[in-house]
Amino acid sequence: MPHSVTPEPTPGGDSSRTISQATMDPESPDIPMADAPSPAEAETTKVNLEELFNDEDSDAEFGSSAPLIKSEEEPSQPEPIKITSKSTYSDPEIMRAFYQRLFPFRYLFQWLNHSAVPSNDFAHREFAFTLPNDAYLRYQSFPTADMLRRQCIQMLPSRFEIGPVYSTNPRDRKTLRKASAFRPLAKELVFDIDMTDYDDIRTCCTGASICHKCWAFITMAIKVVDVALREDFGFKHIMWVYSGRRGAHAWVCDKRAREMDDAKRRAIAGYLELLKGGDQGGKRVNVRRPLHPHLDRSLNILKEHFQSTILAEQDPWAEDKSAHLLNLLPDPTLRSALQKKWDSSPSRPSASKWSDIDNVAKSGALSKTSRDLLEAKQDIVLEYTYPRLDAEVSKKLNHLLKSPFVVHPGTGRVCVPIDTRKVEQFDPLGVPTVTQLLTEIDEWEDDESEKKVQDWEKTSLKPYVDYFRGFVAGLLKEEKEKSGIKREREENGEAMEF
Amino acid sequence: MIRHDYSRVDPKRRTHIDPKKRQFAKAEFQQQNYEHRLNFYILPPTAEITLEEFETWAINRLKVLSELEACSFRNRSPEETSEYMTSILNKYLPLRSNSSRSQSLQDERKKDHYSHFILRLAFSATEDLRRRFSRLETMLFRLRFKDDDLRERQEFVRSLNLEWEEVKEDEKRELRDELVAASRSKKGEEQDWFKVDWERVPELVEQRKVLLKRGKAYVPQREQMSLVVAEFTKRLDEALELTARALPRLDEDDRLAPILSHLSQSFNAPDAAYSSSDASIDGLSIITANAIDTLSQNFPLCMQNLHMTLRANSHLKHYGRLQYTLFLKGIGLSLEECIVFWRRSFKLMTDDKFQKEYKYNVRHAYGDVGGDANRRGRGYTPYSCQKILTEPVPGPGQAHGCPYRTFTSDNLTSLLQRVGINDRDVLKTVKEDVSKQRYHVACNRVFEHTHKREIKKVKDDGTWSATDLDTIVHPNTYFKRSWLLKHLGEGNAGIVNGEKMEE
Ligand SMILES: [Zn+2]
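Keep in mind that this is a model prediction, so the values were computed, not measured.

Draft legend 1. Looking closely at the overall build of chain A. Of regular secondary structure, chain A possesses 17 helices and nine strands. Relative to its 498 residues, chain A shows a buried fraction of 55%.

This is how it looks when you write it as structure tokens:
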């Protein structure tokens, strides 16, 4: 088997795991022989069915041929990478250089560990690797940032995901006498917004592609969800991350969020969820009045986007597509008057059709009250702009989510954090690709100052790593203050039993 | 009875019942006095009861919980449930108020108290059982809370010492509009609000029935029930966790262990009852991938919808695939044929992509790969109506779920017409069923309509018994019964029974 996929022995005692041990265990993976290229990958298929079905639609975007791994020795010194026009994102040398020189393992460690000193918050955290041959390796864990880095360099995962902190080390889960001793304890509250959920209303692109016009959907979603999490739920440490192609993830890292059980996660998802029903569901927004303050605030944020993004850019009711708009209006008199008008001039743009509604209503073609009409129009604005969350991702404590800063295998772009203070400026198409970054390192010209410059500082990844570092520092500061208070109380003899 | 310290004890009271003192307390066979009708089940029972009482009381409570579960499955409204449960509660677990001045008050409360703790032991072993038990006990508590005597209820709530911060007048004035909008009260209606950490009222948060500010929920007085119920669930969940950890010690008691394991088995998760014999239908030859188009005439609407969506798009999204694959497995399609079926159905997809991203899922559903060894024999169980009805509703582009529930009225009608149901009366009654959320009634109504002649025949000639024609609660039962009815006289009439399909 290729050298580079051999799992490295770790202090976790994993080196001794053999295939025979695995077969005796009821929880062991059951890869059929034909599919099992090596014992090292026998770990790979402990996947819950629902999760499998869950993930693969939004992520079925890997290149169609998995690259072969060359069995060369890992160079002991990072060498300059030769980027040619033929280099692709998933070339083993590219991925190796990426993990060796660019991936911010140190800050990722601090982020998940909540302190500079290694603790179980990091050591008992599950990582799941997707290997270059698409095998999926769950329940990986690492005592330190360096161990994680070393396994990445050896296995060259095309990406890896982050799961919960468990009650015991995930690698030891099979040796426990009782299955119940292995429980997920904590994980960030996460959100997943993916453009596929907007396919029925976006007109500019289809499928996996995005442009600046449709990215506006994600921008709106981030604004609405972010403010709700902060003002309503009181969370402070929220990081948004570009998913590498056509969506964004949120990681809510406050301790209070990390410790929530599924019922509380479900409650937040439900609070934020508005659109109901599938494609056959007809009108998908039916909210009661008066609007809940969260919806009222959201509507105020979204109104402007409706004018620019929806009416002007997406133009969703052009030509004969106005039928759907008519369906959403409750007033039959108004509907038939509008129908007539639009039949005679079908090429009217959506913005004109939208203002036709009020004009025609004012001219008398309204059988219901103007209040009913206003509310119906608000519902339409919400249907076209309100965030469409993949709520299932948020509801489960043990749901895995792709790590920030990994490379998206389809686009080569790095999953960088999005600075919400400048969310409107974020340009997904301007996010650097891994090959571009490696070229930038090569092109870096030393200014001969004393200071040692990290490789990532030589590239356009720098602002993103800097942002991440600042975010992590803020989180660590608060964790430290909180544990300081706790310690003080304990020293004062106030036992904190519960 | 209870020799195990498995209950979570309120820390403030801990000193009163520290383990050493409890040793002595127990020796007195202490009888507890029940001041209130409602019980948070904080303190474990301390007196002895007979083994027979142990078992009967537990079975009685189990009966009540099962009926409650059936109500939620049949989508009964809270009012319907409460009406239906009245006689069952009176029979198996009566619990009267103080004002009734009944002689048996204390006995009733003792039985309620003890039976709760016995079932707690029986159902704490696995997370599934715990979750189900907690959900049903919460339903029961809510039911009783609602019909409790108002004054006694207030006394009970006060006795709980829940810490609720009242919203002061000036804050109320400042937030007036938002409070009114969030809590759906009428303008001008005088109201009081409590301020609590939002985590204490997840239900109200989920339904956006409260105002949230920086992590605090502003709960109107009238939602007090939610708060109390949430607190009940929270404490029960914590206690169940502790019980689960204490269980191994209990296994040593060989008198109780068999009773407890019997109890938990009779409360088994519904999906676990599915057996492979359900898949075999006499007279139906081995099903191939090619036969599905024809057989789909006998599918229930949910599966026909998936089939038509698949044919129209040459694709189905994940939950739809899962629901449909398991159903096909349930009708007896082999793994090999099922893979062929999906491969051909995804016309637009390359072989490579299919092999990489889809085949594994099909094999997983069949238990060919993945999962633990116990499960692998059969893979996942075909979904019951209950499972399908309680799953998340489909999002954009998804087609899974029960169309009676997920489609708008107009779209449902046109879907029904597409599959050949044009009878106005049937369409109208189905509409009414659906508006009352009686989805399974609607589905059974459609079945009866489309098999009218055949049902009459088997009833008239007595070849099928009444149980053969029981309400359908599983898509695979629907198929099996439909297929057999449509193939009467081909030497298979009456063989529908076999093993009863799981509900
Ligand atoms: Zn676009």
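Draft legend 2. Inspection of the environment of Val360(A) at higher detail. Residue and element names in this part refer to chain A. By secondary structure assignment, the location of Val360 is in helix 13 (residues 350–362). Looking at Val360, the relative accessible area reads 11%, which means it is buried. When the C-alpha positions of Val360 and Leu334 are compared, they lie 7.2 Å apart, and in sequence the two are 26 residues distant.

Draft legend 3. Inspection of helix 10 (residues 293–314) of chain A at higher detail. In helix 10 of chain A, a bend of some 45° at Phe306(A) exceeds every other bend along the element. Asp315(A) occupies a position one or two residues after helix 10 of chain A and carries a positive phi of about 45°.

Draft legend 4. Looking closely at the UniProt feature "binding site: [4Fe-4S] cluster" (unreviewed entry) in chain B. Residues and elements named next belong to chain B. Look at the UniProt record and you will see "binding site: [4Fe-4S] cluster" (unreviewed entry) annotated at Cys302, Cys385, Cys402 and Cys443. Despite a sequence span of 142 residues, these residues sit close together in the fold, their greatest C-alpha distance being 10.2 Å. Looking at where Cys402 falls in the secondary structure, it is placed in the loop between helix 18 (385–390) and helix 19 (403–406). In contact with Cys402, other than residues within four places in its own chain, are Cys302, Ile388, Leu389 and Tyr439. Among the secondary structure elements, Cys443 is positioned in helix 22 (residues 439–450). In this structure Cys443 comes out as buried when scored by relative accessible area, which is 15%.

Draft legend 5. Main features of the nonpolar core. Judged by nonpolar contacts, the single largest core of 183 residues is most densely connected at Tyr99(A), Trp111(A), Phe127(A), Phe129(A), Leu229(A), Ile268(A) and Leu272(A). For this core, the element with the most residues is helix 7 (residues 212–232) of chain A, which contributes 11 residues. Sequence-distant contacts of Tyr99(A), defined by excluding residues within four places in its chain, comprise Phe105(A), Arg149(A), Cys152(A), Ile153(A), Leu156(A), Pro157(A), Ser158(A), Arg159(A) and Phe160(A). Grouped together as the second largest cluster of nonpolar side chains are 64 residues, Leu295(B), Leu310(B), Cys443(B) and Phe447(B) included.

Draft legend 6. Geometry of the pairing of strand 2 (residues 193–197) of chain B. Residues and elements named next belong to chain B. Buried residues dominate strand 2, accounting for four of its five residues. Pairing of strand 1 (residues 165–166) with strand 2, which is carried by two bridges, proceeds in the antiparallel orientation. Residue Glu166 lies in a different strand from strand 2, and its bridge partner there is Phe194.

Draft legend 7. Just the packing of helix 13 of chain A against helix 14 (residues 370–385) of chain A, in detail. Residue and element names in this part refer to chain A. In the contact formed by helix 13 and helix 14, the axes pass within 12 Å of each other and the chain directions differ by 175°. Here helix 13 is positioned roughly antiparallel relative to helix 14, judged by the angle of their axes. Residues Trp354, Ile357, Asp358 and Ala361 of helix 13 touch helix 14, and the partners they reach there are Leu373, Lys377, Ile380 and Val381. Residue composition of the contact of helix 13 with helix 14, grouped by class: six nonpolar, no polar and two charged.

Draft legend 8. Up close: the confidence of the model for chain B. Residue and element names in this part refer to chain B. On average, residues of chain B score 80 in pLDDT, and 82% of them reach the 70 mark or higher. Low confidence marks residues 1–28, where pLDDT is under 50. Its contacts with residues over four positions away, or in another chain, come to 45 contacts. Considering only residues more than four positions removed or in separate chains, one finds that residues 492–503, a stretch of pLDDT under 50, has 40 contacts. The ipTM value of the predicted complex is 0.82, and its pTM value is 0.61.

Draft legend 9. Expanded view of the coordination of the zinc ion. Residues and elements named next belong to chain A. Donor atoms from the polypeptide that coordinate the zinc ion comprise Cys204 (SG), Cys205 (SG), Cys211 (SG) and Cys214 (SG), at 2.2 to 2.3 Å from the metal. Note that the zinc ion binds four donor atoms; their angles at the metal cover 102 to 118°, and the shape is tetrahedral. The motif formed by the donor residues of the zinc ion, counted along the single chain, is C-C-x5-C-x2-C.

Draft legend 10. Focus on the pattern of salt bridges. Enumeration according to the criterion identifies 61 salt bridges over all chains in this entry. Linking Lys213(B) and Glu178(B) is a salt bridge whose minimum nitrogen-to-oxygen distance equals 3.2 Å. Remark: Glu178(B) occurs in helix 7 (residues 169–183) and Lys213(B) occurs in strand 3 (residues 211–213); sequence separation between them is 35 residues. Look at Lys213(B) and you get partly exposed, because its relative accessible area is 30%. Salt bridges here are not isolated pairs; linked through shared partners, they connect Arg256(A), Asp197(B), Glu199(B) and Lys216(B).

Draft legend 11. Inspection of the sheet that holds strand 1 of chain B at higher detail. Residue and element names in this part refer to chain B. With antiparallel pairing, the four strands of this open sheet are ordered in space as 1-2-4-3. Of all the strands in the sheet, just strand 1 and strand 3 have a single pairing partner and so form its edges. Against the sheet, helix 7 engages strand 2, strand 3 and strand 4 (216–220), with an angle of about 130° to strand 3.

Draft legend 12. Structural view of the pairing of strand 4 of chain B. Residues and elements named next belong to chain B. The buried fraction of strand 4 is high, at four of five residues. As judged from the five bridges shared by strand 2 and strand 4, these two strands associate in the antiparallel manner. The residue bridging Trp193 from the neighbouring strand is Pro220, located in strand 4. The pairing of strand 3 with strand 4 spans three bridges and is classified as antiparallel. Each bridged residue has a counterpart across the sheet, and for Leu211 the counterpart in strand 4 is Tyr218.

Draft legend 13. Quick look at the packing of aromatic side chains. Scanning the entire structure with this criterion turns up 54 aromatic pairs over all chains. Between Trp111(A) and Phe468(A), the ring centres sit 5.8 Å apart and the planes meet at 75°, which makes this aromatic pair edge-to-face. Remark: Phe468(A) occurs in helix 17 (residues 462–491) and Trp111(A) occurs in helix 4 (residues 105–113); sequence separation between them is 357 residues. We note Lys110(B) situated over the ring of Tyr114(B); from NZ or CZ to the ring centre the distance is 5.5 Å. The residue whose ring lies beneath Lys387(B) is Tyr383(B), and the NZ or CZ to ring-centre distance is 5.0 Å.

The rules behind these values
Residues numbered from 1 in each chain as written. Chains lettered and ligands numbered in written order. Predicted model: local features only at pLDDT ≥ 70, side-chain atom pairs only at ≥ 80, totals over all residues. Heavy atoms only, no water. Helix = DSSP H or I, 4+ residues; strand = E, 2+ residues; numbered from the N terminus. Buried < 20%, exposed > 50% of the residue type's maximum accessible area, 1.4 Å probe, protein only. Bend = angle between axes of the 7 residues up to and from the residue. UniProt positions renumbered as here; feature names shortened; annotations may be inferred. Contact = heavy atoms within 4.5 Å. Core = buried A, V, L, I, M, F, W, Y, C linked by side-chain atoms within 4.5 Å. Pairing = 2+ DSSP bridges. Axes fitted to C-alpha atoms, helices over the stretch in contact; angles between N-to-C directions. Parallel < 35°, antiparallel > 145°, perpendicular 65-115°, else oblique. Nonpolar A, V, L, I, M, F, W, Y, C, P; charged D, E, K, R; others polar. pLDDT = per-residue confidence, 0-100. Donors = N, O, S within 2.8 Å, 3.2 Å for Na, K, Ca; no water. Tetrahedral: all angles 85-135°; square planar, octahedral: opposite > 155°, others 65-115°. Salt bridge = Lys/Arg side-chain N within 4 Å of Asp/Glu carboxyl O. Phe/Tyr/Trp six-rings, centres within 6.5 Å; stacked < 30°, edge-to-face > 60°. Lys NZ or Arg CZ within 6 Å of the ring centre and 35° of its normal.

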